[in-house]
Amino acid sequence: MNQPAAAQALDPEATALPDPTLPDPPLPDPPLPDPAAPRPGVADAEALARHEALVREDLARLGLPARAWTEPRSFDGRPMPDVVVIGGGQFGIGVAGALKLRGIANLLVLDRAPEGREGPWVTYARMPTLRSPKTLPGLSFGIPSLTFESWYRAAYGAGAWAVLYKVHNDTWQDYILWVRRMLDLPVRNGTEVRGLVPHADRVELVLADGTHLAAKRVVVATGRGGTGGWVPVPGVAGDLFPDLAAHTMDEIDFARLAGKRIAVIGVGASAWDNAATAMEAGATEVVMFARRQAMPQLNKGRASTGIGYFEGWQSLPDADRWRLGVYLDDMQSPPPHETVHRALARPGVSVHFSTRIRSVIRADGGVRSAVRADGGVRIEVENGPSGDYDFLILGTGFRVDLAHEPLFAAVHDRVALWQDRYTPPPELARPHLGRFPYLGEAFELLPKAGEAGDLARIHVFNMASWLSAGTLAADVPTLEIGPDRVAAGVTARLFAEDFEPIFARLGAWEEEHELKGTAFYAPEHVNSTAR
C-alpha cells in the first residue's frame, strides 16, 4: 500500500498503521519552490529615495498627519505623553502610526530590544519566511505607497518582486523599520517597562531602571509573548532551564546541538520550525511528542481571516464570541506544508502522537557519554519513546493569563476576565479561555465588579485581546485593520477627557473672519451669536 512521502521519513513506530479498508491516500503535492530563495539583493538607494519622496507627497496630499489637537498636560513637573505604546514590533508601530496620522503626535513607543530586533522576526521566529502571502498591504494605513509591495519594488525592483515567493523575516523587519522612519515615529529602544499603575487621570509606567513615566493612556502591544508567558508542561522539571531545555521563544544556541538527540514537545508551527533548525544545525535526531492523535489538517484561522470577522467579531454577543473562540481554539491550525517539508528534508525526525509526558528530569550521571557530557534529560512518556535526550525544546505556544505577566502584577486581580462576565454551557466550558481579559470596545481593560474604573486607561492590543476582538492584534493580515481600530478608540477617549480645554479653544478661536471684505462684515459681532 502506498504511503505519503512525508510519512516515509518518520519513525515507523510513530505513526498509526494504515487502515486496509480504506483506499490508498493520494500522494501529496510536490514541495513548492524553496521559500528561502531567492533573497533580495542590495537595496537600490536612489530608487528608494525617489519612492520615499512619493510617500511624502502622498501624505501631504491627504493632509497627514492631521494637526495636533490634544491638550498638553504635565505630571510631576514633566510633560506627559498622550499615549505610550509598549512594544515596537509590527503592531506597536502600527498603533503609533495610526495615532500620529490622527494628530496625536505627543506619543512615545517603548521597546526593550535594541533597534532592529523588536518583535520575533529576527529573534525567535525560526522559519525563513513569513507564513502570510507577500501581497498583503502591511503597514500601509490605506496609503498605497506605504504598502510592503511598493516598498519592495522600489528597493529591489519589479523583477525581484516577481520571483519572490514569501517574505523573508529580516526583509519584513527592514520594512517595519522603514515605515517607522517614514512616519518619524518616536521610539525609545532599550527601555523595558516592568509595571503599570493606573490612576484616575494617568497611568504610571515603572521602568526597569527604577524610573517612572506617566501618560494619559497606555497601549500594550507586546505580541504573543506578553500575555502570561509560555504554556508549561506538567512534569517538566524547572531546573532543566536554560542549559538543558528551552522554549521556542527563547534564545537557543543551535550550534551546540550538533551531533545530539533532541526532544521537542508540541507539533505546532513553531515546534516544527525549531525541529528543522536543529536538524539544519547538525542534530542527529529530533523526536517530537504530541498529545493529539494527528496534526490539524485545515487552517481554520485562514478561513476566518476576512473583513467580516475583522469588523464583526467585536460586536457579536458574548455567547457567539465564546462559541467562535472555542471552535477555533479546539480546531487549531496545522503547520504550513513548507515547514513540514523543511523539517523532513533530512533523515532523523520522528513524530509520536497520542502521547502524555509523565516526567522530564536531568539524566543521572551513570548514563553520561561523550555526546551527552552535560548529563542530558530523561523523559518518561506514555505511548512514546522514553529515554535520554541531550536537549529539550518546548513548542507549547503561549498562554493568556495576566496573573503570570509581570507587567500586570499591580492590577491583574482587579481586571474583569471572561470567566467573570460569561458562563458558557457545560459542553463549551474551556477554563483557559475564561482567563482572557474581557475588554471594552477600545481594547481597554474593564474592572471587576466593585473595582475602580482607572483600568480603562490601559488598552491591551496583543493576543490577550483575541477572545474579545478576534485576530486584530494577532497576525500580519490584520495590520491594515487592527491598529486603526484601537487608535480610533484611543482617539475618542482622549477627546472626551480633554473636552473642556478643547471646548474652550473652540470658544476662543477667531482666526478666519469669513465675511471680511464684504458688505456684511461686522467686526463688533466677531465671536458672538449676533442674535
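Predicted, not measured: the structure shown is a model, and the values here were computed from it.

Draft legend 1. Expanded view of the confidence of the model for the chain. Within the chain, residue pLDDT values average 91, and 91% of them lie at 70 or more. Here residues 1–33 is a poorly scored stretch, pLDDT under 50, and it has 33 contacts once near neighbours within four places are set aside; other chains count.

Draft legend 2. How the structure looks around unusual backbone geometry. A cis geometry characterises the amide bond from leucine 64 onward to proline 65, with omega recorded as -5 degrees. Structurally, proline 65 can be placed in the loop between α2 (45–61) and β1 (73–75). A cis amide bond, omega 0 degrees, links phenylalanine 241 with the succeeding residue proline 242. Mapped onto the secondary structure, proline 242 falls in the loop between β9 (217–220) and β10 (245–247). The phi dihedral of asparagine 383 falls on the positive side, at around 60 degrees, and the residue is not glycine. Note that asparagine 383 resides in the loop between β15 (377–382) and β16 (387–389). According to the relative accessible area criterion, asparagine 383 is exposed, its value standing at 54%.

Draft legend 3. Expanded view of the sheet that holds strand β7 (residues 203–207). Strands sit in the order β6-β7-β8 across an open sheet of three strands; the sheet is antiparallel. One side of each edge strand has no neighbouring strand; the edge strands of this open sheet are β6 (193–198) and β8 (212–215). Neighbour-to-neighbour, the strand axes of this sheet turn through a mean angle of 25 degrees, independent of strand direction. Here four bridges tie β7 to β8, and the two strands are oriented antiparallel to one another.

Draft legend 4. A look at the pattern of salt bridges. Tallying each qualifying case throughout the model produces 35 salt bridges. Across the salt bridge formed by glutamate 115 and arginine 180, the nearest N and O atoms sit 3.7 Å from each other. Linking glutamate 115 in the loop between β4 (107–111) and α4 (148–156) with arginine 180 in helix α6 (residues 169–182), this pair joins segments that are 65 residues apart in sequence. Linked through salt bridges whose partners overlap, the residues forming this network are Arg73, Arg217, Arg457 and Glu497.

Draft legend 5. Structural detail: the environment of valine 187. Among the structural elements, valine 187 can be located in strand β5 (residues 187–189). Taking the C-alpha atoms as reference points, valine 187 and isoleucine 93, separated by 94 residues in sequence, lie 8.9 Å from one another. Beyond its immediate stretch of four places on either side in the chain, valine 187 contacts Ile93, Val109 and Arg180.

Draft legend 6. Quick peek at the pairing of β4. Of all five residues in β4, five are buried; the element is thus mostly enclosed. What you see with β4 is no split at all: Leu107, Val109 and Asp111 on one side and Leu108 and Leu110 on the other are buried throughout. Of the strand pairs in this sheet, strand β3 (residues 83–86) and β4 are connected by four bridges, and their pairing is parallel. For isoleucine 86, the partnering residue across the bridge sits in β4 and is leucine 110. As for the winding sense of the linkage, the β-α-β connection from β3 through helix α3 (residues 90–101) to β4 is right-handed. Pairing analysis gives three bridges linking β4 to β5, with the strands arranged parallel. Within β5, the residue paired with aspartate 111 across the bridge is asparagine 189.

Draft legend 7. Examining helix α10 (residues 318–331) more closely. Counted at 1.5 Å a residue, the expected span for α10 with its 14 residues is 20 Å, and the 20 Å between its end C-alpha atoms agrees. Taken as a whole, α10 has its buried residues at Asp318, Arg321, Trp322, Leu324, Gly325, Val326 and Leu328. As for α10, its buried residues are in contact with α8 (300–303), α9 (307–312), α12 (418–421), α13 (431–434) and α14 (466–469). Two residues or fewer past α10, glutamine 332 is found with a positive phi of approximately 60 degrees.

Draft legend 8. View of the packing of α2 against α4. Packing of α2 against α4 brings their axes to within 7 Å, and their N-to-C directions diverge by 145 degrees. From α2, Ala47, Leu48 and His51 reach across to α4, where they touch Ser150, Trp151, Ala154 and Ala155. For the contact of α2 with α4, the per-class residue count stands at five nonpolar, two polar and no charged.

Draft legend 9. Quick look at the side chain of threonine 478. Examined against the element boundaries, threonine 478 turns out to sit in the loop between α14 and α15 (482–497). Judged by relative accessible area, threonine 478 falls into the buried class, the value being 1%. Of note is the side chain of threonine 478, whose polar atom sits 3.2 Å from the backbone oxygen of leucine 472. Those residues in contact with threonine 478, other than ones at most four positions away along the chain, are Phe91, Phe310, Thr471, Leu472, Ala473 and Pro483.

Draft legend 10. View of the sheet that holds β9. Taken together, five strands build an open sheet; the order of strands is β5-β4-β3-β9-β18 and the sheet is parallel. One side of each edge strand has no neighbouring strand; the edge strands of this open sheet are β5 and β18 (458–460). Ignoring strand direction, the axes of neighbouring strands in this sheet form an average angle of 20 degrees. The sheet contact formed by β3 and β9 spans four bridges and is parallel.

Analysis parameters
Residues numbered from 1 in each chain as written. Predicted model: local features only at pLDDT ≥ 70, side-chain atom pairs only at ≥ 80, totals over all residues. Heavy atoms only, no water. pLDDT = per-residue confidence, 0-100. Contact = heavy atoms within 4.5 Å. Helix = DSSP H or I, 4+ residues; strand = E, 2+ residues; numbered from the N terminus. Buried < 20%, exposed > 50% of the residue type's maximum accessible area, 1.4 Å probe, protein only. Pairing = 2+ DSSP bridges. Axes fitted to C-alpha atoms, helices over the stretch in contact; angles between N-to-C directions. Salt bridge = Lys/Arg side-chain N within 4 Å of Asp/Glu carboxyl O. Right-handed = clockwise from strand over helix to strand, strands pointing away. Expected span 1.5 Å × (residues − 1). Nonpolar A, V, L, I, M, F, W, Y, C, P; charged D, E, K, R; others polar. Polar contact = N/O pair within 3.5 Å; in protein donor to acceptor, adjacent residues only side chain to side chain.

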